[in-house]
Amino acid sequence: MDANGKDDLKIPLLEPSDAVVLDIKPVRNVDHGVRTITFKIGGMECASCSTSIESVLQELNGVESAIVSALQGQAVVKYVPELVGVKAIKEAVEDAGFEVTEFSEQDIAVCRLKINGMMCTSCSESVERALSMVEGVKKVVVGLALEEAKVNYDPNVINTDRIVEAVEDAGFGAELIGSGNDGNKVHIKLEGIVSPDNMNMIKSSLESLNGVNHVEIDMEECKVTVGYDPDLTGSRSLIQFIQESCHYQASLYVPERRYETEKNHEIKLYRNQFLWSCLFSVPLLMFSMVLPMIPPYGNWLNYKLQNMLTVGMVLRWILCTPVQFIIGKRFYVGSYHALRRKSANMDVLVALGTNAAYFYSVYTVIKALISDAFEGQDFFETSTMLISFILLGKYLESIAKGKTSDALAKLTDLAPDTACLLTMDNNGNVISETEISSQLIQKNDVLKIFPGSKFPVDGVIIDGHGYVNESMITGEAIPIAKSTGDRVIGGTVNENGCLLIKVTHIGSETALSQIVQIVEAAQLARAPVQKLADRISRFFVPAVVAAALVTWLAWYIPGALGLYPKSWIPKAMDEFELALQFGISVLVVACPCALGLATPTAVMVATGKGATQGVLIKGGNALEKAHKVNTIVFDKTGTLTVGKPEVVSDVLFSEISMEEFCNLAIAVEANSEHPIAKAIVEHAKNKLLDHKSQIANNSVVKDFEEHPGAGVGCKVGDKTVFVGNKKLMRLSNVSVDPEIENYFSDNEKLARTCVLVAVDGKVAGAFAVTDPVKPEAVHVISFLRSMNVNSIMVTGDNWSTATAIAKEVGIENVYAEIDPLGKADRVKDLQARGKIVAMVGDGINDSPALVAANVGMAIGAGTDVAIEAADIVLIKSNLEDVITAVDLSRKTIARIHLNYVWALGYNILGMPIAAGVLFPFTGIRLPPWLAGALMAASSISVVCSSLLLQTYKKPFTYSK
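Residues numbered from 1 in each chain as written. Predicted model: local features only at pLDDT ≥ 70, side-chain atom pairs only at ≥ 80, totals over all residues. Heavy atoms only, no water.

## Some points on the overall build of the protein
Thought 1: Looking only at helices and strands, one finds 32 helices and 36 strands in the protein.
Thought 2: The buried share of the protein, taken over its 960 residues, is 53%.
Thought 3: Partitioning the contacts of the protein with sequence separation of at least 6, the portion at a separation of at least 24 is 69%.
Thought 4: In the structure as shown, the protein presents an accessible area of about 42,300 Å², 55% of it carried by carbon and sulfur atoms. (Helix = DSSP H or I, 4+ residues; strand = E, 2+ residues; numbered from the N terminus. Buried < 20%, exposed > 50% of the residue type's maximum accessible area, 1.4 Å probe, protein only. Contact = heavy atoms within 4.5 Å. Areas by Shrake-Rupley, 256 points an atom, 1.4 Å probe, with all protein chains shown as cover.)

Right, dumping it as structure tokens:
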């Protein structure tokens, strides 16, 4: 990174390629009436011009204040949208004879909502459709996994309350998470407040400040939230203003992460519901299936209380009812809202199946009570077991979904909590050093960064030089030399040297915040693959209901008209009850119990098996997407390579002995913290040990000096030694012979870095350093090719190194010198060409690409952020597990499809028999109890089919 001009410092470091940058800063919360916009004005030559513009704007009805800066060429206007629009403000300035630039005629605000009650992709589609139809809403993105919605809207037309109402009208719960850019908000805790008037006074005072966009107050907690423009003010200035001008004690307040609390509550809710259902369903299953087979208990359960009503029937009814109507209430609510939206989801299937079983069972109980000859079978256990299985699936799903927000939290946590703020006089002398919260940093602050510390925000170095580990951004492990004028990025680590930086970007403008925003946006995007069960349910439910109704009518009407013999009707029944049994049998045999188990059981077995094989798969979505992958994008450093530099060769170019050469290298490089220096020291020591030579421990090093980006130099005894690259040799007037140039050229072709050692003005020898390729990489790429999977490498490293590594492992397509956003763009380009892309990476810089890809695979030794952002984690950091992940997903999806055959096969074959197709010819009918047995058989078949995945074995294992 080279020194930049003053204007360049205002440019965000990771500005999205498709971003539209506007200098309009609308207030994001319209509930408080007053809004603020900032725009550029051309043609101002002096202070009188700005005064005249201010007077023109203040004459407009609805403009509360206008501040115009002739120096900056911009205006900040506070106005009431109900009284005046942004277009009228623009026209007033133009009528005064000035040019308005960078001004948006349409105000667009952004808000994020927490959505409750979404069960499947059809639910997220319903929310998106409901919001899109609201006037004033410009764009909607609904994330099913995050259970959130991001809405772009025109605040002059609609407010957040109306947006929340639209979601609730669609049958879902909604809660406002935030509006506007939360990165430029500060939460302040107030002390000494005695009345609401005090809070209102503080609110009015803050709103009058230049740069304050909006103010929200919390009377009960005595807290105030201020949204501000970081170019005009800052959090520390706002707190200072409250203390000095309003005379109240104010301090920074960090709100809790509400999403985590809500997720934990949801997980506990599903867990408790499942345990409560088990409390009833397990005894019921014993009374229904097990105890009747044991003579003493069976006789007791079959004891008749009244007519044909037995003790077992009453006990099963009592145990089933709470599960059906109290624990299973959520399925009724979900079904109601789904049917109200004219759609059918899994809730409708569950409610229909359980109600068919339950109410038929109730019918048999009533019939047994009033009849002394009726022999019927209840299916109370069918209802309770189905609800228990579904709740277990929801519990496991909620645990998996709770992990989706961890990546964002870990990204945010990369920045340190505190920073050392310097107060300086006009001559640049340090007056004081103060430790402050990182959230109180403002633009143009001067911070002191100690060796080993992280940079809290983005800035530019104004004093000092050292090495900065930027692997968080670049993915490359080798630190980069930094000196005065170079940029530094928040979250990166200062390896050595004490640096003074001037803050250039804070809040949402920092590179780290932009990565967070990209990951967040990618997570909100809906998965393109829709669940098969949801697709089936769209026609399955109405088809089953119609078939049951047609069956009942087809038997009842002919029976009432006497079109078939009365002898067909069993004793203690009439034509109505016979027709009803046929109709109920159709419903029961088509019960979606197995349909609901087909996917979760296979996913549970596959993910468990994958974990034992070193592949952590985060749920069914990852499996479903991974099986279609035909292109895999690999990061280089730490993914295809080991990620740790090491010396692979050494050579002498003078009469010096290898022992002296190694000792001189150790003496010099032991004083450096650079990773390459450490690799050279380790190699030289091992070289001496191999030759049984003595390691010199008494070498006196003097005048040690670092040359950033070139190497180091010092005196070792009476010898002058330089260790570094060709640049350092030129600076030190050390000639580089053609033989040495050839050595450089040969090693660069092999993706190696050459380090020269010069003694007393002459090159004595050199080391070749490389980041070695993982031993299994070549074989993995070859095996993927045999699976019809294309491999591509994307890296931030230079072209020569990237090309050499790609050639070594057998990858033909390479993208080099790519930044984090560029990696995500490359993934999107491949997707635009119809490729199903998996991204394999290990660094934070890979996070945007990991989430943008159809499937993100993180190396287990990589960062926590990459691991949390990915769909699949390779726990053992072994590339062969990439093959395992793809192959296991293919086998699992094939198993799920087979499960659907088992789940629907019994139903499709059983429905005609249940409808009585064979009854007129053979006298065979399928009573509800037998239909229930077939339904249970389909569930058992599905579970057993899924359990066969336990026999899965890796298709490829690398052995040296």
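## Observations regarding the pattern of salt bridges
Thought 1: This structure, assessed with the given rule, holds 11 salt bridges.
Thought 2: Counted as one network, the salt bridges with shared partners bring together E880, D881 and K954. (Salt bridge = Lys/Arg side-chain N within 4 Å of Asp/Glu carboxyl O.)

## A few points about the sheet that holds strand β18 (residues 458-463)
Thought 1: An order of β16-β15-β17-β23-β18-β21 is seen for the six strands of this open sheet, with the pairing classed as antiparallel. Looking at the sheet topology across the chains shown, the edges are occupied by β16 (430-437) and β21 (487-488).
Thought 2: One ladder, built from two bridges, connects β18 with β21; its direction is antiparallel. Its bridge partner lying in β21, G459 is registered against V488. (Pairing = 2+ DSSP bridges.)

## Quick word on the packing of aromatic side chains
Thought 1: Throughout the structure, instances matching the rule amount to 13 aromatic pairs.
Thought 2: Note on Y358 and F359: the rings are 5.2 Å apart at their centroids and 90 degrees apart in plane angle, and the pair reads as edge-to-face.
Thought 3: Owing to a relative accessible area of 4%, Y358 belongs among the buried residues under this scheme.
Thought 4: Geometrically, the ring pair formed by Y564 and W568 is stacked, given 5.4 Å between the ring centres and 15 degrees between the ring planes.
Thought 5: Residue classification places Y564 among the buried positions, given a relative accessible area of 9%.
Thought 6: For W568, a relative accessible area of 27% puts it in the partly exposed group.
Thought 7: In textbook terms, an aromatic cluster arises when at least three aromatic residues are bridged by ring pairs, as seen for F325, Y332, Y358, F359 and F380.
Thought 8: The cationic tip of R330 hangs over the ring face of F331; the distance from NZ or CZ to the ring centre is 5.0 Å.
Thought 9: Over the ring of Y815 we find R826, and its NZ or CZ is 5.9 Å from the ring centre. (Phe/Tyr/Trp six-rings, centres within 6.5 Å; stacked < 30°, edge-to-face > 60°. Lys NZ or Arg CZ within 6 Å of the ring centre and 35° of its normal.)

## A look at a nonpolar patch on the surface
Thought 1: A surface patch of nonpolar side chains, about 410 Å² in accessible area, is lined by V282, M286, V290, I294 and Y297.
Thought 2: Along the polypeptide, V282 turns up in helix α7 (residues 258-290).
Thought 3: In this structure V282 comes out as partly exposed when scored by relative accessible area, which is 46%. (Patch = residues over 30% accessible without salt bridge, like charges linked within 9 Å, V, L, I, M, F, W, Y side chains within 5 Å.)

## Focus on a negative patch on the surface
Thought 1: Judged by side-chain charge, E91, E94, D95 and E99 come together as a negatively charged surface patch.
Thought 2: Among the elements that make up the negative patch, the one with the highest residue count is helix α2 (residues 86-95) (three residues).
Thought 3: Within the secondary structure layout, E99 lies in strand β4 (residues 99-101). (Lys, Arg positive; Asp, Glu negative; His and termini not counted. Charge placed at Lys NZ, Arg CZ, Asp CG, Glu CD.)

## A short note on the environment of N790
Thought 1: Mapped onto the fold, N790 is located in strand β32 (residues 790-794).
Thought 2: With relative accessibility at 37%, the residue N790 sits in the partly exposed group.
Thought 3: Sequence separation between N790 and E812 is 22 residues; the distance between their C-alpha atoms is 9.3 Å.
Thought 4: Each residue touching N790, except ones within four places of it in the same chain, is listed here: N630, T631, I632 and N813.

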